[in-house]
Amino acid sequence: VILASAAGVSGARIRRKRVQLAAQTVLTEQAVRARDDLIEAVVHELRTPLTSILGNAELVQQASEQPQTVARRAGVIVRNAEQMESILADLLLARSTGPALLGLTSVPSDLRALIENCLAASRTAADARGVTIDVIASDTLWAEVDPNRIRQVLDNLLTNAIKYNRVGGFVVVTETRTIDTVTFAVTDSGCGIAPPERALVFEPYYRTESARRSAQKGSGLGLGISRDIARRHGGDLRLVESSPAGSRFELTLPLELSGHLSAEAAAPQR
Ligand code: ADP
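Residues numbered from 1 in each chain as written. Predicted model: local features only at pLDDT ≥ 70, side-chain atom pairs only at ≥ 80, totals over all residues. Heavy atoms only, no water.

The line we're drawing: UniProt positions are given in the numbering used here, feature names are shortened, and annotations may be inferred rather than shown by experiment.
Taking an unreviewed UniProt entry as the reference, the chain is identified by name as histidine kinase belonging to Cryobacterium glaciale. Quoted verbatim from the Subcellular location (unreviewed entry) field of UniProt, the annotation for the chain is "Cell membrane". Annotation of the chain in UniProt includes, under Catalytic activity (unreviewed entry), the sentence "ATP + protein L-histidine = ADP + protein N-phospho-L-histidine."

Set out below in C-alpha cells:
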C-alpha cells in the first residue's frame with residue numbers, strides 16, 4: 001500500500017485492489033507478516049538515500065551555489081542513487097532465491113577466472129581505501145557451478161572485505177583443497193564482527209551495529225543470499241573467524257564436474 005501510494009495510486013483503487021486480492025489469495029499469517037516486514041524494510045532502506053537525493057537536488061536547483069559545491073552535491077546524488085540501485089538489485093536476487101534458483105545454470109567454470117573477474121571489479125573500491133588484495137590460489141581450477149551466481153558470492157565477500165576494512169588494510173584470498181571440495185577463505189584486516197552478531201549477519205537485512213554507524217552503505221541482504229547460493233551448489237558459506245583484527249569467511253564448493261547438482265543438494269530455506 002505504501003509503495004502503491006508512493007506511485008500515486010488513489011486510496012479507493014488500493015482498497016478495491018486489496019478486496020480483489022483477498023478474494024483471490026489466502027495468505028497465511030506468517031506470509032502476511034513476512035510481506036509486511038519486507039515492505040517496511042524496503043521503505044526504510046530506500047527512504048534514507050532518497051531523502052539525501054531530494055535534499056541535494058533541491059539545493060542544486062536553486063543554482064546559487066559555487067560550481068565546486070554543486071559538483072560535490074552531484075556526487076552525493078549519484079552515490080545515493082547507486083545505493084538505491086544496489087538495494088533493488090539485491091531485492092530482485094532475494095526474490096529469485098525461491099524455486100527459481102533450484103534451476104542453477106551450472107557449467108564447467110574456471111573458479112580462478114571468476115575470482116580475477118571480481119578482483120577487476122573491486123579494484124577501484126580497494127584503491128580508494130588503500131586496501132591491498134592478494135590471491136594465493138591455483139592458476140586454474142575447474143568446477144561445475146553457475147558462474148554468475150558464484151561470481152555474485154565472491155563479489156559479495158570481496159566487497160565486504162574492502163568495505164568493512166580499515167583504510168590501508170589488507171584482504172587475502174587463499175585456497176584449500178580436499179579430494180572433492182575446494183574452500184576459498186577471504187581474510188580481512190577489518191573491524192570484525194562481535195560474537196552475538198556472528199550468526200545474525202546471514203539473516204536478511206541484518207547489519208552490525210558498527211556497519212550501521214559507519215559511512216558504508218549496504219542492504220544486509222548479500223551474505224544470506226550468498227550462503228543460499230553456496231548451499232544450492234552443495235557447498236556452504238561460513239564465518240569461521242572474527243576478532244577486532246579482522247574476519248575470515250570461507251566458501252566451500254564441491255569439485256566434481258558432473259552429477260552433483262540437484263535440488264536435494266539445496267539446504268533448507270532461511
Ligand atoms: P551489506 O549490504 O550490509 O554489506 P551483507 O549481507 O553482505 O550486507 O553483510 C551483512 C552485514 O555483515 C554487514 O552489514 C556488516 O555489518 C557485516 N559484515 C559483512 N562482512 C563483513 C566483514 N568482512 N567485516 C565486518 N563486518 C562484515
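### Considering the site of the ligand
We apply this condition: If even one non-hydrogen atom of a residue comes within 4 Å of a molecule or strand, that residue is called near it. Any pair of nitrogen or oxygen atoms within 3.5 Å is treated as a polar contact; in protein, a donor-acceptor pairing is required on top of that, and neighbouring residues in sequence qualify only through side-chain atoms on both sides. Only the protein chains shown count as cover for residues, with accessible areas throughout obtained via the Shrake-Rupley method and a probe of 1.4 Å. In DSSP terms, a helix is any run of H or I states spanning at least four residues, a strand is any run of E spanning at least two, and both are numbered starting from the N terminus. All residues other than Ala, Val, Leu, Ile, Met, Phe, Trp, Tyr, Cys, Pro, Asp, Glu, Lys and Arg, Gly among them, are scored as polar; the first ten of these are nonpolar and the last four charged.
Residues in close proximity to the ligand total 20 residues, the closest being N160, Y164, R207, T208 and L223. The contact in question runs from an oxygen atom of the ligand to an N or O atom on the side chain of N156, over 3.2 Å. At a separation of 2.9 Å, an oxygen atom of the ligand approaches a polar backbone atom of S219. For the ligand, whose free accessible area comes to 530 Å², the fraction covered by protein is 97%. Mapped by element, the contributors of at least two residues to the shell around the ligand are α6 (147-163), α8 (222-232) and β7 (246-254). Here the element with the most residues in the shell around the ligand is α6; it accounts for three residues. Of the residues belonging to the shell around the ligand, the class tally is eight nonpolar, nine polar and three charged.

### Examining α6
What counts is decided by this rule: What a helix should span is 1.5 Å times the count of its residues minus one.
Across its 17 residues, α6 extends 23 Å between first and last C-alpha, which sits within 8% of the 24 Å expected from 1.5 Å per residue. Taking the backbone nitrogen of N148 as reference, a side-chain oxygen 3.2 Å away marks D146 as the first, capping residue of α6.

### Some remarks on the sheet that holds strand β2 (residues 132-136)
Operational definition: In this analysis, strands are considered paired if DSSP registers two or more bridges between them. Interaxial angle, 0 to 180 degrees, is taken between N-to-C directions of lines fitted to C-alpha atoms, where a helix line uses only the stretch in contact. Any two residues having at least one pair of non-hydrogen atoms within 4.5 Å are treated as being in contact.
Pairing in this open sheet of five strands is mixed, and the strands run β2-β4-β5-β7-β6 from one edge to the other. This sheet does not close on itself; its edge strands, each paired only once, are β2 and β6 (236-243). Across the sheet, the mean angle separating the axes of adjacent strands is 15° when strand polarity is ignored. Contacts from α6 reach β2, β4 (170-177), β5 (181-188), β6 and β7 within the one sheet, and its direction differs from that of β7 by about 170°. Docked against the sheet, α8 engages β6 and β7, running at close to 135° with respect to β6.

### A look at the pattern of salt bridges
Going by this rule: Within this document, salt bridges are pairs made up of a side-chain nitrogen of Lys or Arg and a carboxyl oxygen of Asp or Glu, the two lying within 4 Å of each other.
Enumeration over the complete set of coordinates arrives at eight salt bridges. The partner of R231 in a salt bridge is D236, and the shortest N-O contact between them spans 3.0 Å. Each of R231, D236, R238, E241, R248 and E250 takes part in salt bridges that share partners, so that together they form one network.

### Here we look at the confidence of the model for the chain
Detailed reading of predicted coordinates is not advised where the pLDDT is low. Using the following cut-off: One number per residue, pLDDT, summarises how confident the predictor is, and it ranges from 0 to 100.
Residues at a pLDDT of 70 or more form 79% of the chain, whose mean pLDDT is 81. Low pLDDT (under 50) marks residues 1-9, which in the prediction has eight contacts with non-local residues, meaning those over four places away or in another chain. Here residues 259-270 scores under 50 on pLDDT; set against residues more than four positions off or in separate chains, the count is 24 contacts. For this predicted complex, the interface score ipTM comes out at 0.99, alongside a pTM of 0.69.

### Section: α8
Put simply, the rule is: Partly exposed residues are those whose accessible area sits between 20% and 50% of the maximum for their type, while under 20% is buried and over 50% is exposed, using a 1.4 Å probe and protein chains only.
Among the eleven residues of α8, ten are classified as buried, and the element is accordingly described as predominantly covered. If you check which residues of α8 are buried, you get G222, L223, G224, I225, S226, R227, D228, I229, A230 and R232. Of the residues one or two after α8, G234 is the one with positive phi, at around 85°.

### Some details on the pairing of β7
Across the nine residues that make up β7, a large majority, eight, are buried. In this sheet, β7 lies alongside β6 in antiparallel orientation, the contact comprising seven bridges. Within β7, the residue paired with L239 across the bridge is F249. Taking the residues that link successive antiparallel strands as the turn, the β6-β7 hairpin has two residues.

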